[in-house]
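Tertiary structure, described
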Amino acid sequence: MSTLFDKVWDAHIVRRIEDGPDVLFIDRHFIHEVTSPVAFLGLENRGMKVMYPERTFATADHNTPTINQHLPVKDPLSANQLETLERNTAKYGISYWGLGNPKNGIVHVIGPENGITQPGMTIVCGDSHTSTHGAFGAIAFGIGTSEVEMVLASQCIMQPKPKKMRITVSGKLSRGVVPKDVILYIISQTTASGATGYFVEYAGEVFEDMSMEGRMTVCNMSIEMGARGGIIAPDETTFSYMKGRDKAPKGKDWDEALVYWKTLKTDPGAVFDKEYHFNASDIEPMITYGTNPGMGVGISHHVPLAGTVDSNKTTYDKALHYMGFEEGQSMIGKKVDYVFIGSCTNGRIEDFRAFASIVKGRKKADHVTAWIVPGSHIVEQQIKAEGILDILTEAGFTLRQPGCSACLAMNDDKIPAGKYAVSTSNRNFEGRQGPGARTMLASPLVAAAAAITGVVTDPRTLLNNN
Amino acid sequence: MAYDKFTVLRSTAVPMPIENVDTDQIIPARFLKATERKGFGDNLFRDWRYHPDNSPKADFVLNNPTYSGKILVGGKNFGSGSSREHAAWAIYDYGFRCVISSFFADIFKNNSMNIGLLPVTVSEAFLDKIFRAIEADPKAEFEVSLPDQTVTILASGEKESFAITGYKKHNLMNGYDDIDFLHSMETEIRDFAQKHSL
Ligand code: SF4
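Computed from a predicted model, the values in this text were never measured in an experiment.

Moving on, we come to the overall build of chain A. The secondary structure content of chain A amounts to 16 helices and 18 strands. Relative to the 2.2 N^0.38 estimate, which gives 23 Å for 466 residues, the radius of gyration of chain A is 21 Å and therefore close to what a compact globule would have. For chain A, the C-alpha atoms occupy an extent of roughly 55 × 55 × 50 Å along the three principal directions. In chain A, which comprises 466 residues, the share counted as buried stands at 67%. Restricting the contact set of chain A to residue pairs at least 6 apart, pairs at least 24 apart contribute 75%. Accessible area for chain A stands at about 15400 Å²; split by element, carbon and sulfur atoms hold 52% of it. Across chain A, 46 positive and 51 negative side-chain charges occur, with their mean positions spaced 2 Å apart.

The ligand sits among His62(A), Ile106(A), His108(A), Asp127(A), His129(A), Ser343(A), Cys344(A), Cys404(A), Cys407(A), Leu408(A), Asn426(A) and Arg432(A). Class assignment for the residues of the shell around the ligand results in five nonpolar, five polar and two charged.

Turning our attention to the environment of Trp261(A). All names here are of chain A. Among the secondary structure elements, Trp 261 is positioned in helix α10 (residues 251-261). The class for Trp 261 is buried, based on a relative accessible area of 3%. Considered as a pair, Trp 261 and Ala 319 are 58 residues apart in the sequence and their alpha carbons are 44 Å apart. Those residues in contact with Trp 261, other than ones at most four positions away along the chain, are Gln 118, Pro 119, Pro 234, Phe 239, Met 242, Pro 249 and Trp 254.

For the rest of this paragraph, the subject is the nonpolar core. Of all hydrophobic cores here, the largest spans 114 residues; its most connected members are Phe355(A), Phe397(A), Met440(A), Phe45(B), Ile91(B), Ile100(B) and Val144(B). Counting residues domain by domain, this core receives three or more from each of domain 1 (4-274) and domain 2 (288-463) of chain A. For Phe355(A), the residues in contact, after removing those within four places along its chain, are Val339(A), Ile341(A), Ile372(A), Leu392(A), Phe397(A), Pro444(A), Ala447(A), Ala448(A) and Ala451(A). Membership of the second largest hydrophobic core comes to 89 residues, among which are Val151(A), Ala153(A), Val177(A) and Ala248(A).

Let us now look at helix α8 (residues 212-220) of chain A. Of all nine residues in α8(A), nine are buried, a share of seventy percent or more. Buried within α8(A) are the following residues: Met212(A), Glu213(A), Gly214(A), Arg215(A), Met216(A), Thr217(A), Val218(A), Cys219(A) and Asn220(A).

Turning our eyes to something else, we now look at helix α6 (residues 179-190) of chain A. Residue and element names in this part refer to chain A. Between its first and last C-alpha atoms α6 spans 17 Å; for twelve residues at 1.5 Å apiece the expected length is 16 Å, and the two agree. Within α6, eleven of the twelve residues are buried, which leaves it mostly tucked inside the rest of the structure. Residues Pro 179, Lys 180, Asp 181, Val 182, Ile 183, Leu 184, Tyr 185, Ile 186, Ile 187, Ser 188 and Thr 190 constitute the buried set of α6. Looking at the residues trailing α6, positive phi occurs at Thr 191, about 75°.

A separate point is the interface of chain B and chain A. At the interface, 56 residues of chain B touch 69 residues of chain A. Roughly 5200 Å² of surface becomes buried between chain B and chain A when both sides are summed, with 59% attributable to carbon and sulfur atoms. Across the contact surface, chain B and chain A share five salt bridges. In this structure, Asp177(B) and Arg46(A) form a salt bridge, with 2.6 Å as the shortest nitrogen-oxygen distance. The interface formed by chain B and chain A holds 25 residue pairs in polar contact (both at pLDDT 80 or more) in total. Elements that contribute at least two residues to the side of chain B that touches chain A include exactly α1 (23-26), α2 (46-49), α3 (86-94), α4 (106-115), α6 (166-174), α7 (178-183) and α8 (186-195) of chain B. Looking at the side of chain B that touches chain A residue by residue, the classes come out as 22 nonpolar, 16 polar and 18 charged.

Before going further, it helps to examine the confidence of the model for chain B. Mean pLDDT over chain B: 94, with 98% of residues reaching 70 or higher. For this predicted complex, the interface confidence score (ipTM) comes to 0.90, while the overall pTM stands at 0.95.

To continue, consider the domain arrangement of chain A. Interface size is commonly expressed as the accessible area that is lost once the parts come together. All names here are of chain A. Parsing chain A into structural domains produces domain 1 (4-274) and domain 2 (288-463). Taking only C-alpha atoms, the centre of domain 1 and the centre of domain 2 are 24 Å apart. Taken together, the contact pairs 43 residues of domain 1 with 41 residues of domain 2. Summing both sides of the interface, domain 1 and domain 2 together bury roughly 3400 Å²; the carbon and sulfur share of this comes to 57%. On the domain 1 side of the interface with domain 2, the three residues burying the most area are Thr 66, Ile 106 and Lys 180, jointly 19% of the side's total. For the pair domain 1 and domain 2, the number of links is one salt bridge.

Right, let's get into the packing of aromatic side chains. Aromatic ring pairs are defined here through the distance separating the ring centres and the angle between the ring planes. For the structure shown, the criterion picks out 23 aromatic pairs over all chains. Where Phe5(A) meets Trp9(A), the ring centres are 5.5 Å apart and the plane angle is 40°; that geometry is what we call tilted. Remark: Trp9(A) and Phe5(A) occur in helix α1 (residues 4-10); sequence separation between them is four residues, near one turn of the helix. Here Phe5(A) falls in the buried class, since its relative accessible area comes to 3%. Take Trp9(A): its relative accessible area is 1%, and that puts it in the buried class. An aromatic cluster is present here, built from Phe5(A), Trp9(A) and Phe199(A) joined pairwise through their rings. Directly above the aromatic system of Tyr52(A) lies the positively charged group of Arg55(A), at a separation of 5.7 Å from the ring centroid. The residue whose ring lies beneath Arg97(B) is Tyr92(B), and the NZ or CZ to ring-centre distance is 3.8 Å.

Cut-offs used in this document
- Residues numbered from 1 in each chain as written.
- Chains lettered and ligands numbered in written order.
- Predicted model: local features only at pLDDT ≥ 70, side-chain atom pairs only at ≥ 80, totals over all residues.
- Heavy atoms only, no water.
- Helix = DSSP H or I, 4+ residues; strand = E, 2+ residues; numbered from the N terminus.
- Rg over C-alpha atoms; globule rule 2.2 N^0.38 Å.
- Buried < 20%, exposed > 50% of the residue type's maximum accessible area, 1.4 Å probe, protein only.
- Contact = heavy atoms within 4.5 Å.
- Areas by Shrake-Rupley, 256 points an atom, 1.4 Å probe, with all protein chains shown as cover.
- Lys, Arg positive; Asp, Glu negative; His and termini not counted.
- Charge placed at Lys NZ, Arg CZ, Asp CG, Glu CD.
- Near = heavy atom within 4 Å.
- Nonpolar A, V, L, I, M, F, W, Y, C, P; charged D, E, K, R; others polar.
- Core = buried A, V, L, I, M, F, W, Y, C linked by side-chain atoms within 4.5 Å.
- Domains from an automatic or database assignment.
- Expected span 1.5 Å × (residues − 1).
- Buried area = accessible area lost by both parts, 1.4 Å probe.
- Salt bridge = Lys/Arg side-chain N within 4 Å of Asp/Glu carboxyl O.
- Polar contact = N/O pair within 3.5 Å; in protein donor to acceptor, adjacent residues only side chain to side chain.
- pLDDT = per-residue confidence, 0-100.
- Phe/Tyr/Trp six-rings, centres within 6.5 Å; stacked < 30°, edge-to-face > 60°.
- Lys NZ or Arg CZ within 6 Å of the ring centre and 35° of its normal.

Here it is as C-alpha cells:
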C-alpha cells in the first residue's frame, strides 16, 4: 500500500545514501534566464558537459518585456541574461524557446501545454512554482542554482524524501468560487509554513471535478504553504488534456503510457504523515490582506484581529502597516489602483475566460491600470481566437505579450510604491510586485470585479447569468 | 563553487526577530539580473536596509553598529518563498556563515547547505534565549559546532543540539559539494537512464 507520491519517487531513486539524501533521477528539467547562468558557469569551470541535453527545456520568461517583444530588449542587464541563455543552450544543444518563438511563454505554462509535462515523471526547475506540474501526477518541485548545475551535469539531484500530507476537499464549489479560491483558502487554514517538509496530495471531489487548468492553479501554490510540491492523481481529465499535445506520446507509445499512468494513484489504506479535510461549502471568493499568502480571508470578511492569527504581534503589525490596513476593517470597498491578471498561477485560457465573463458588456474603472498578460503565445492566440480580445478591448482593456511580468516585477511591469494591486499571481510579499507595492492576491473573477468597480468587490454580485 | 569548510564557529550574532523572512526581502528580484555570482551581499535585505534614495534606514539592524557577527538569527519560517539561491549567496557574501532559526523553508535550507552556509534549526524556546542573550549584551558570543552539532550561548553555557544528516555534515566540514559525488556515479546514472527513456 503506497501513496501516489511514493510510487513516483521510489521509481526514480538511483541510489539511497545512508544517513543522507536519495539520489533522484530527473526526467524533465526546465530552465530560464535568471537561475541558470551561474549553473552553466559552474559547469564550465569544472570542465563538465550536460549529460542529457534532450531532457532540458529552456524558455525566456522572468525578465522579458511584455510589450514590443519584437524590439531589442532595452535593459542591458536583462538583455545580457537572455543572450547568455541563448549562448548556453546553443553550446550544449538544449532546446530554447526564446522571445519571439511561437512556443515561448512562462515555463510552467508551456511545459504542460506542449505535452512536455507528463504523469509519473520527476520534473524540476530553478523556480519554486515548478510544483504546478504536479497537477498531472508528476513529482515536480523548485530547486536552487547549485541543483540546476547538478541536473545539467548528472540528470540527478540529491534530496531527502519529504513527508507526505493529504488535503481532501469534499463537496461542490458554489458559484463564483474557483480553483484560486480553493488554494488560497487551504493556505489560510494551514498557514504559510504549515506544509514545510511535506509533499502534498490533493484529493476529493473538488479536485476530481476540476479542469487541468484549475488543478495547475492549485498545485502551483503548494509552495506558498511551504510544501515541496503538490500532486493530483491523473484521471480521464488529465488524459484527454494530454492527448495530441506536441510532445505527448503518440500511437502505440500512447497506449503503453496510458496503462502506466492509470496505476498512478494512492492505494486505499496508504498512510500519510498528516491529513487535512475541508468542505467546499466553507469556501467563498478569497482575498489576501497581508504580506504572505497565508494571510487571506473570504472576501466578505474583515482584516482579522491580531490575537486571532498565527503570527507574533511584531510580524503581524509590520504586515498591516506595510499594507496600510487596520485590524477589523472590511475588505470589500478597499480602493484598487492596479489589476494584474497573468502569471503561472492564473495565466491560462480558462483564467481569461473567467475574467472576460465579468468584464463583458462593462467598462474598466477609469483610475485602474490593468495589466492583462497571457502565460504564453499559445494562450495569447486562444484569447484572440475565442473572441476574448474583442470583449477586453470593448471594455477598455489592452492585452500585453506573454511573460512573468508583474508577478515578480523584474521587468518594467512594477506596481508603484504605496499603490494597491489586486493580482492573480501567487505572492504578496513586501515589494514582490515592485518596491513598496501592496498586493492583494485573488482569483481572476475577483480581479475582474475590481477592475470594473475600482474597489474590492464580491464578484458574485457581478456574475452574468449565462 | 568552492566554499569555506565549516567546523566550529564562535561569533557574535545579528538578531532579526521577524517571522516568515522571505527570499524576496533577502534579495529583491530586481537584483537577480547578474550572470555571475558576485556582489550580492551589497543588496542583502535591500528594501529593509535602504530608503528608495539609497540612504541607509537607521533603524534596520544591519545599519546598527551595535550588532555584528557571522551568525544571523531569524524568526520562524526563515527563507520562505522563491527558490532563488541568490538569497543564500547574498547572506554568505555579506559575511554570514550560519543562520539560526526555529524553522527554515525547505528550498532555502537546501540551497544554503549547497553553498556552505549552515542553517541551524533550534527549538522556539532556545531561539528565544538566543534573542534575549543578544538583547542583554549585543557582544554576547555564541558557538556553533558542526562536529558536535551544538549551539552554545557562551555567557550562560546553555546549549542545544541540532540535526543534520551525516552526508551533509561530512560535505560541509570538508568543503565538498554534491556534484563531486554525483560525478562519481556516472555509470550508475547512465544505466538507470536507459530504463527511463524519454
Ligand atoms: S509567473 Fe511568477 S511565479 Fe510563475 S514562473 Fe514567473 S516569476 Fe515564477
